[in-house]
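Chain by chain, the residues run as shown.
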Amino acid sequence: MKNDFEILEHSADLKIKIESPNLLGLFKTSALGMFSAATGGKLKPQTSNPKSRNIEVTGRNKEELLINFLNELIFLADVFKEIYLKFKFQKFSQKEIIGSAFGSPVPKKELAIEIKAATIHDLKIQKTTEGFSAIILFDI
Amino acid sequence: MKNISILTKDLKKLKPYLFEIPKNFRSDMKVPARIYASEKMLKDIIQDRSLSQLVNSTTLPGIIKFAIAMPDVHEGYGLPVGGVMATKLPDGIISPGAVGYDINCGVRLLKSQISESDLKPLLAKLGQTLFSRVPSGLGKGGRLKLTETELNQVLKKGALWACQKGFIPKEDLEFLEENGTSQAANPEKVSQRAKLRGLDQLGTLGSGNHFLEIDKVEKIFLPDIAEIFGLSEDQITILIHTGSRGLGHQIATDSIRIALQASQKYQIKLVDRELAAAPFNSLEGQDYFAAMGCGLNFAWANRSLIASQIREIWQEVLGGKINKLDLEVLYDVAHNIAKVEEYEIDGKKTKVLVLRKGATRSFGPGRSEIPKAYQKVGQPVIIPGSMGTASYVMVGTKKAEEESFGSSAHGAGRTMSRGQAKRQVWGENLKQDLEKQGILIYSDSMAGLAEEAPIAYKSIDEVSDITQRAGIAHKVARLKPLIVIKGS
């Protein structure tokens, strides 16, 4: 299994399926999928001098941690007008993330949709012999 | 989430346009679930998970009578979009997921003193000026950058703040639901994150299905009520559809996270975690209500600032060429809201908490909550259709108060994914097709336009027909768009 995301059909919201050989990869790929959808699939290489934004997120379980992580990125993206594709985690467990997200500014014309939030609706991070997968529903 | 498919055989027909999923359909239902729809519409509704989500909401503690889906219902999360429920006070639950992330997404309708023929020579200039000056779309800031102190005033006062600052006349306030101010709002209950997001977003439309529209009154159905509403055929009206922007979204995100913990604390069994809840009279419940009140107020202030910009531009473009340039508010309605309202239940006047997620209040005659000018007939119910189709001004009814917790539909409801819409519709072609019909479309994004194509939505004519036949609102006027400005 490699890191991958796929945008699924949904009548009103944004639904993304994420796969990764490991949990850390699942989190990073979820962010990639989310920002790819936000930019209409037109992700560009990050700026050579990305801004570092602190990330400190907790959750009672890995599903809540994932949603809280994505919602933290949505908050940062809205305030700083950036997207985040590169991360450095000092701590990553099933209940806590401490690290940095590296942001590239996004011109307004390159944003295709406005993601309001990542929801925990029906979210279950599945573990198989090959890795991890999840389907995340975003309100847009 | 419990995701049991619902088939037409599971639905009991109570009246021609009212169906019920009985309480015994699933063992954890506390009340039945009701749906306003035609039989034809039901066949589409059961294709997605909206009814399953409605059934999930019937499991919440304190829910009374029934959960309700409006004819424009579609799948969401938590309560479906187009869903209404009520819980008993003081300890029935309040759930942020039964209100939605865009707190007080809603519409404000302004009415002009001019007709289509007056405006025709200036239509393109008006459209272009509105598009270039009314902030819309992603990443675009508003015309104001507030300090936190000023933002706290907005959160506390809502439209009243906009009035005190001179953006709107005080005459507007009476014609906004709740007079444009939630008295429950407490800015101390709003996180720093939410405030940071709100600082530069006041006065912006946002994207997706948010829009600004110039319409004409195409048809009057109830002339006496239209006269009271100040509507006449060919009259130009202006529709603003937007909500609480990033501030409201963050309040909802923060609140759902707290509600998940509260659900565990108060031993509320959740069949969908997006229905996370707390008793209304708990600390968590009251904190959410106070924070939601701030979201409501931000949205009312937001629509007020946009109305102010429109009035400026109206004067600028039309001034010197047309007399009578006043734009008055017909009404402003919220689609995503939780409110304490009084209804007669089992013969007794009872206050309940009504949660509307993609539904509009629809009060009939005699309610003190609606403007004095409308109390003899009922409140305006404004139902925008999909882009380029039509919108309706309806009037609320006593029947809505009796049957649907004073609620009716809010729009057309999506039936098709954005991806599918983009595969079937080319934005540029859609723009040209609509222009041939006399509708000028302004949008930053052709892809965004395609996503909002009429084929992606239910028919607004059908939704309003069923609403009318069910008796929960009556048609007063049909509006035809002339200019549509999309957030993109």
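Residues numbered from 1 in each chain as written. Chains lettered and ligands numbered in written order. Predicted model: local features only at pLDDT ≥ 70, side-chain atom pairs only at ≥ 80, totals over all residues. Heavy atoms only, no water.

Colleague: Whenever I open this one, the pattern of salt bridges confuses me. Can you help?
Modeller: Pairing is possible between side chains of opposite charge, provided their charged atoms come close. Scanning the entire structure with this criterion turns up 46 salt bridges over all chains. Put simply, E9 of chain A and R423 of chain B hold a salt bridge, and the shortest N to O gap is 2.6 Å. Taken together, the residues span two chains, with E9 of chain A in the loop between β1 (4–8) and β2 (14–20) and R423 of chain B in helix α12 (residues 418–424). Taking relative accessible area as the criterion, R423 of chain B reaches 58% and is therefore assigned exposed. Look at the salt bridges and you will find they share partners, linking E177, E178, K339, E341 and R356 of chain B into a network. (Salt bridge = Lys/Arg side-chain N within 4 Å of Asp/Glu carboxyl O. Helix = DSSP H or I, 4+ residues; strand = E, 2+ residues; numbered from the N terminus. Buried < 20%, exposed > 50% of the residue type's maximum accessible area, 1.4 Å probe, protein only.)

Colleague: When you look at the interface of chain A and chain B in this model, what are you seeing that I'm missing?
Modeller: Interfaces are often sized by the amount of accessible area the parts lose when they come together. Taken residue by residue, the interface counts 35 residues in chain A and 40 residues in chain B. Counting the surface lost from both chain A and chain B, the interface buries some 3300 Å², and carbon and sulfur atoms represent 49% of this. Across the contact surface, chain A and chain B share 6 salt bridges. Of the charged contacts in the structure, one is a salt bridge between R197 of chain B and D78 of chain A, with a shortest N-O distance of 2.7 Å. (Contact = heavy atoms within 4.5 Å. Buried area = accessible area lost by both parts, 1.4 Å probe.)

Colleague: What's the story with the sheet that holds strand β3 (residues 33–36) of chain B in this structure? I'm lost.
Modeller: All names here are of chain B. With mixed pairing, 7 strands are arranged side by side in an open sheet as β1-β2-β3-β4-β5-β13-β12. The sheet is open, and its two borders are formed by β1 (12–15) and β12 (336–345), each paired with just one other strand. For this sheet, the mean inter-axis angle between neighbouring strands, taken without regard to orientation, is 30°. Of the pairings in the sheet, the one linking strand β2 (residues 18–21) to β3 comprises 4 bridges and is antiparallel in character. Each residue of the ladder has a partner; that of L18, found in β3, is Y36. Where helix α2 (residues 50–57) meets the sheet, its contacts fall on β2, β3, β4 (67–74) and β5 (81–88), and the angle it forms with β4 comes to roughly 160°. Seen against the sheet, helix α10 (residues 283–318) touches β12 and β13 (348–357) and runs at an angle of roughly 110° to β12. (Pairing = 2+ DSSP bridges. Axes fitted to C-alpha atoms, helices over the stretch in contact; angles between N-to-C directions.)

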